[in-house]
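Tertiary structure, described
Below are the chains, spelled out letter by letter.
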Amino acid sequence: MNQEISTPLDCPIRDFGVLGSHGRTAAGVFGSFLLAVEAQGGQDLDKPASWAYYLAYLYAKYKMPAVLLVVCRDRHTAAWAAQQVSLGPPQWPTLTLRPLVLGPDTVPVIDTPEAAAKDIPLAVLSSALHSRAPESDAIRKALAAALKGLQADDEDTASIYIELTEQGLGKTPAADLWRHLLAVDLSIFQSQTAQALRAEGLAEALLVVLSGRGIHISDDARDRITTCDDHDTLTTWLTRAATATTTAELFMQSK
């Protein structure tokens, strides 16, 4: 049985969480333990010492062993993070750090809606860790289809997975494509989070169209577009952008 615990606020941990923003004990064959998760974007020689400190703090705070899970988007970082690190003199190591690492080589490519629906959490990881792979487009479409099916039964959980996918993709081109995918398929997701993502995607698409047609976008016009969260209004502006010669024509009131 899983039990929620709060993230330690008095520990100076940055970019580090226990299952994101909360800790959770997991009862299994090895007993209860904490699963500490960190996304690692590149090699950092100072991280092993920091990880050891974090794990020791969690153990001292909650009197429970912790497992460190490091999620890496590229193979080189994953190989580096997976190395066993010993702290202490070579003749008598005092502490050994052995992270559990997820990377492109340890998470499968899930590129069919059927496979994604069977294990949506794994499909979310697949989308993040294979965001640069040739199959990335198929992975995102498969995940979107699976989430569409989940949304019909459990909208709140589907919204959580949307947000996790967004966070996992980070500031990459794949994240922009994910937002566009949600914006295009208007039948997917009616939650507030998804609606906001769709509005953001339409606003970005509108700015791209205007720029591509060589139409000047003033700061006021850009602010009006990016702060608009009404889907119908953005759709109308996007349609007008195909023939408009100025941004003022986008904002004209319909007669």
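Here the structure is shown first, and the text comes after it.
As a starting point, this report considers the structure included with it. (Residues numbered from 1 in each chain as written. Predicted model: local features only at pLDDT ≥ 70, side-chain atom pairs only at ≥ 80, totals over all residues. Heavy atoms only, no water.)

Points about the packing of aromatic side chains
- If you walk through the whole model with that rule in mind, you get three aromatic pairs.
- Here W51 and W80 contribute two aromatic rings whose centre-to-centre distance is 5.9 Å and whose plane-to-plane angle is 50 degrees, an arrangement assigned as tilted. Of this pair, W51 sits in helix α1 (residues 47-62) while W80 sits in helix α2 (residues 75-81), and the two are 29 residues apart along the sequence.
- With relative accessibility at 2%, the residue W51 sits in the buried group.
- Just above the ring of F251 sits the side chain of R224; from NZ or CZ to the centre is 4.2 Å. (Phe/Tyr/Trp six-rings, centres within 6.5 Å; stacked < 30°, edge-to-face > 60°. Helix = DSSP H or I, 4+ residues; strand = E, 2+ residues; numbered from the N terminus. Buried < 20%, exposed > 50% of the residue type's maximum accessible area, 1.4 Å probe, protein only. Lys NZ or Arg CZ within 6 Å of the ring centre and 35° of its normal.)

With respect to the packing of helix α4 (residues 120-129) against helix α5 (residues 136-153)
- At a minimum axis distance of 10 Å, the contact between α4 and α5 shows a crossing angle of 150 degrees. In terms of orientation, α4 lies roughly antiparallel with respect to α5. Considering the relative orientation of α4 and α5, their crossing is left-handed. In this structure, α4 contributes I120, A123, V124, S126 and S127 to the contact, and α5 contributes I139, L143, A146, L147 and L150.
- For the contact of α4 with α5, the class distribution of residues is eight nonpolar, two polar and no charged. (Axes fitted to C-alpha atoms, helices over the stretch in contact; angles between N-to-C directions. Parallel < 35°, antiparallel > 145°, perpendicular 65-115°, else oblique. Left-handed = near helix turned anticlockwise from the far one by under 90°. Contact = heavy atoms within 4.5 Å. Nonpolar A, V, L, I, M, F, W, Y, C, P; charged D, E, K, R; others polar.)

Some words on unusual backbone geometry
- Unlike most non-glycine residues, K63 shows phi in positive territory, near 55 degrees.
- When you line up the elements, K63 lands in the loop between α1 and β4 (66-72).

Remarks on the packing of α4 against helix α6 (residues 155-169)
- Where α4 meets α6, the axes come as close as 8 Å, and the angle between the chain directions of the two elements is 25 degrees. In this view, α4 runs roughly parallel relative to α6, as classed from their interaxial angle. The hand of the α4/α6 crossing is right-handed. Contact residues: I120, P121, V124, S127 and A128 in α4; Y161, L164, T165, G168 and L169 in α6.
- A breakdown of the residues in the contact of α4 with α6 according to their chemical character gives seven nonpolar, three polar and no charged.

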